[in-house]
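# Architecture at a glance
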Amino acid sequence: MSVKTSLKYHIREMQREDLEEVTTLEAACFSMPWKYKDFEEVLTNPNRCYLLAEADKVTTDIPDRILGGCMLTHIAGEGDISNVAVHEKYRNNGIAAAVLSALLKLGKERYGITAFTLEVRSQNIPARRLYENYGFVSKGVRPNFYEKPKDDAIIMRKDD
Ligand SMILES: CC(C)(COP(=O)(O)OP(=O)(O)OC[C@H]1O[C@@H](n2cnc3c(N)ncnc32)[C@H](O)[C@@H]1OP(=O)(O)O)[C@@H](O)C(=O)NCCC(=O)NCCS
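Conventions we followed
- Residues numbered from 1 in each chain as written.
- Predicted model: local features only at pLDDT ≥ 70, side-chain atom pairs only at ≥ 80, totals over all residues.
- Heavy atoms only, no water.
- Pairing = 2+ DSSP bridges.
- Helix = DSSP H or I, 4+ residues; strand = E, 2+ residues; numbered from the N terminus.
- Core = buried A, V, L, I, M, F, W, Y, C linked by side-chain atoms within 4.5 Å.
- Buried < 20%, exposed > 50% of the residue type's maximum accessible area, 1.4 Å probe, protein only.
- Contact = heavy atoms within 4.5 Å.
- Arc of directions from axis to C-beta.
- Axes fitted to C-alpha atoms, helices over the stretch in contact; angles between N-to-C directions.
- Disulfide = S-S within 2.5 Å.

## Digging into the pairing of strand E6 (residues 137–146)
It is a general feature of regular strands that their side chains alternate between the two faces of the sheet. Here six bridges tie E6 to strand E7 (residues 151–159), and the two strands are oriented antiparallel to one another. Paired with Arg142 across the two strands is Ala153, which belongs to E7. Hairpin connection of E6 to E7: four residues between the antiparallel strands, including Lys148 at a positive phi of 55 degrees.

## Quick look at the nonpolar core
The tendency in soluble globular proteins is for nonpolar side chains to be buried as a group. Ranked by size, the top nonpolar core spans 32 residues in total, and within it Leu67, Leu72, Ile81, Ile95, Tyr131 and Phe136 carry the most contacts. At the level of elements, strand E2 (48–55), strand E3 (66–75), strand E4 (78–86), helix H3 (95–111), strand E5 (115–121), helix H4 (125–133) and E7 are the ones that each hand at least two residues to this core. Considering every element that reaches this core, the biggest residue donor is H3, with nine residues. Once you skip the residues sitting within four places of it in the chain, Leu67 turns out to touch Leu7, Tyr9, Leu25, Ala53, Ala55, Ile62, Ala85, Val86, His87, Tyr90 and Ile95.

## Things to note about helix H1 (residues 19–29)
Every buried residue of H1 is listed here: Leu19, Val22, Thr23, Leu25 and Glu26. The buried side chains of H1 occupy one side of the element, clustering within an arc of 160 degrees when seen end-on. In H1, the exposed positions that point more than 90 degrees away from the buried face belong to Glu20 and Ala28. Turning to H1, the residues buried within the fold contact helix H2 (36–42), E2, E3 and E4.

## Some details on the sheet that holds strand E1 (residues 9–13)
The seven strands lie next to each other as E1-E2-E3-E4-E5-E7-E6, forming an open sheet whose pairing is mixed. Edge positions in the sheet fall to E1 and E6, since each has one partner strand and no second. Each neighbouring strand pair of the sheet contributes to a mean axis angle of 25 degrees, computed without reference to strand direction. Both E1 and E2 contribute to a ladder of five bridges, which runs antiparallel. The residue of E2 that forms the bridge with Ile11 is Ala53.

## As for unusual backbone geometry
Cis peptide bonds are those with omega within 30 degrees of zero, and the linkage from Lys148 to Pro149 qualifies with -5 degrees. Tracing the chain through its elements places Pro149 in the loop between E6 and E7. Located in the positive-phi region is Asn83, a residue other than glycine, with phi close to 55 degrees. Position of Asn83 among the secondary structure elements: in strand E4. With a relative accessible area of 7%, Asn83 lands in the buried category.

## A look at the state of the cysteines
Applying the stated rule across the entire model yields zero disulfides. Free of any disulfide, Cys29 has its nearest neighbouring cysteine sulfur in Cys70, separated by 12 Å. Cys70 takes part in no disulfide bond, and the closest cysteine sulfur, belonging to Cys49, lies 8.9 Å away. Taking relative accessible area as the criterion, Cys70 reaches 1% and is therefore assigned buried.

Structure, rendered in structure tokens:
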């Protein structure tokens, strides 16, 4: 069941205390999830940043503290977006859009990034729509890039 009302949250960078819950979010959203140690590495990598949406208040309606998040990796002046995830019961409330928007802003301000890229499953319509809303356009296909289940990857790019 999705939560439509009273969903108040703020966006901030991941800290050590968040690692367990971010790993749980990742496992709930992906068939080949990043593990705890992968997120732990982000904390000490100056070219990586993970932003998360944290509920202002944990309640019976909103039992999770961390609702969603996504990752930016700075590589040679460009930004790679990955690990975009929102717990199923909080989807369709604009959380991914809010975190992605904040991450694009952070990328420009912190690293001077002017071009962002990402890969998305061809069958993942919600994610493709989300990225298109933010100006990402398809630049090519990597056939059978994904496993579990097999799928093509669409490479998307956003230039400023
Ligand atoms: C993709 C995902 C992160 C979207 O999270 P979300 O918080 O529900 O997204 P938002 O509410 O911010 O929606 C943003 C846009 O996505 C699109 N969207 C979201 N859910 C959709 C759906 N079920 N069908 C079609 N479009 C959808 C809409 O265009 C929406 O924009 P709109 O509000 O202008 O209509 C979420 O579905 C998820 O975690 N999926 C599993 C993990 C995943 O696939 N991650 C992406 C990997 S590339």
